[in-house]
Amino acid sequence: MDCIFCNITKGAIPADILHRDDDVMAFKDINPKAPVHILIIPIKHIETVLDLSDEDNALIGKMVMVANQLAEKEGIDENGFRLVFNCREHGGQEVYHLHLHLMGGRSFRWPPG
Ligand code: AMP
Ligand code: ZN
């Protein structure tokens, strides 16, 4: 299976990596839609949020905690930010390896388009 984000976890494709531990990795989005746009991914391949199971509860919690830490590091915690999981076609998902978008540095509209 040729997954672009698995290739990033293996170092086969370069990325601007901001965090790495045994379970989670974070790197800058290659086509940022905001001054701060970071993707937080599980190291293990999970296609969408629909493919999560109960045993992944700690993993998802960890992804959110990493996002919080990076938001503080990037200085977007005070003004706030957006966390997004896109799921399948109507959600606008393009890469089928789970990723949490951390976006900040500007204000966003609601609802998104
Ligand atoms: P989504 O539409 O939620 O699947 O978002 C996929 C995101 O991955 C987009 O924001 C892309 O800009 C980003 N992306 C795709 N390829 C790479 C890459 N090689 N390195 C970093 N970000 C990427
Ligand atoms: Zn993958």
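Parameters and conventions
Residues numbered from 1 in each chain as written. Chains lettered and ligands numbered in written order. Predicted model: local features only at pLDDT ≥ 70, side-chain atom pairs only at ≥ 80, totals over all residues. Heavy atoms only, no water. Donors = N, O, S within 2.8 Å, 3.2 Å for Na, K, Ca; no water. Tetrahedral: all angles 85-135°; square planar, octahedral: opposite > 155°, others 65-115°. Helix = DSSP H or I, 4+ residues; strand = E, 2+ residues; numbered from the N terminus. Buried < 20%, exposed > 50% of the residue type's maximum accessible area, 1.4 Å probe, protein only. Phe/Tyr/Trp six-rings, centres within 6.5 Å; stacked < 30°, edge-to-face > 60°. Pairing = 2+ DSSP bridges. Axes fitted to C-alpha atoms, helices over the stretch in contact; angles between N-to-C directions. Contact = heavy atoms within 4.5 Å.

Looking at an unreviewed UniProt entry, one finds the chain named Histidine triad nucleotide-binding protein, with candidate division LCP-89 bacterium B3_LCP as its source organism.

Draft legend 1. Structural view of the coordination of the zinc ion (ligand 2). Within the protein, the zinc ion (ligand 2) binds to Cys3 (SG), Cys6 (SG), His45 (ND1) and His97 (ND1); these donor distances fall in the range 2.0 to 2.3 Å. Around the zinc ion (ligand 2), the 4 donor atoms sit at angles spanning 106 to 118 degrees, and that spread fits a shape best called tetrahedral. Sequence spacing among the residues donating to the zinc ion (ligand 2) works out to C-x2-C-x38-H-x51-H. Of this pair, Cys6 sits in helix 1 (residues 4-10) while His45 sits in the loop between strand 3 (36-42) and helix 2 (57-73), placing them 39 residues apart in sequence. Exposure remark for Cys6: the relative accessible area of 9% places this residue in the buried category. The exposure class assigned to His45 is partly exposed, which follows from its relative accessible area of 28%.

Draft legend 2. Examining the packing of aromatic side chains more closely. Throughout the structure, instances matching the rule amount to 1 aromatic pair. Residues Phe5 and Phe27 carry aromatic rings whose centres are separated by 5.3 Å and whose planes lie at 75 degrees to one another, so their mutual orientation is edge-to-face. In this pair, Phe5 is assigned in helix 1 and Phe27 in strand 2 (residues 24-28), connecting sequence segments 22 residues apart. Grouping residues by exposure puts Phe5 and Phe27 together as buried.

Draft legend 3. Looking closely at the sheet that holds strand 4 (residues 81-84). Reading across the sheet, the 5 strands line up as 1-2-3-5-4 and stay open at both edges, with antiparallel pairing between neighbours. Where the open sheet ends on each side, the last strands, each with one partner, are strand 1 (17-20) and strand 4. With strand direction ignored, the average angle separating the axes of adjacent strands in the sheet is 15 degrees. As defined by bridge partners, strand 4 adjoins strand 5 (residues 100-104) across 4 bridges and the pair is classed as antiparallel. Of the residues in strand 5, the one forming a bridge with Arg82 is Met103. Taken strand by strand, helix 2 contacts strand 1, strand 2, strand 3, strand 4 and strand 5, and its axis lies near 155 degrees from that of strand 3.

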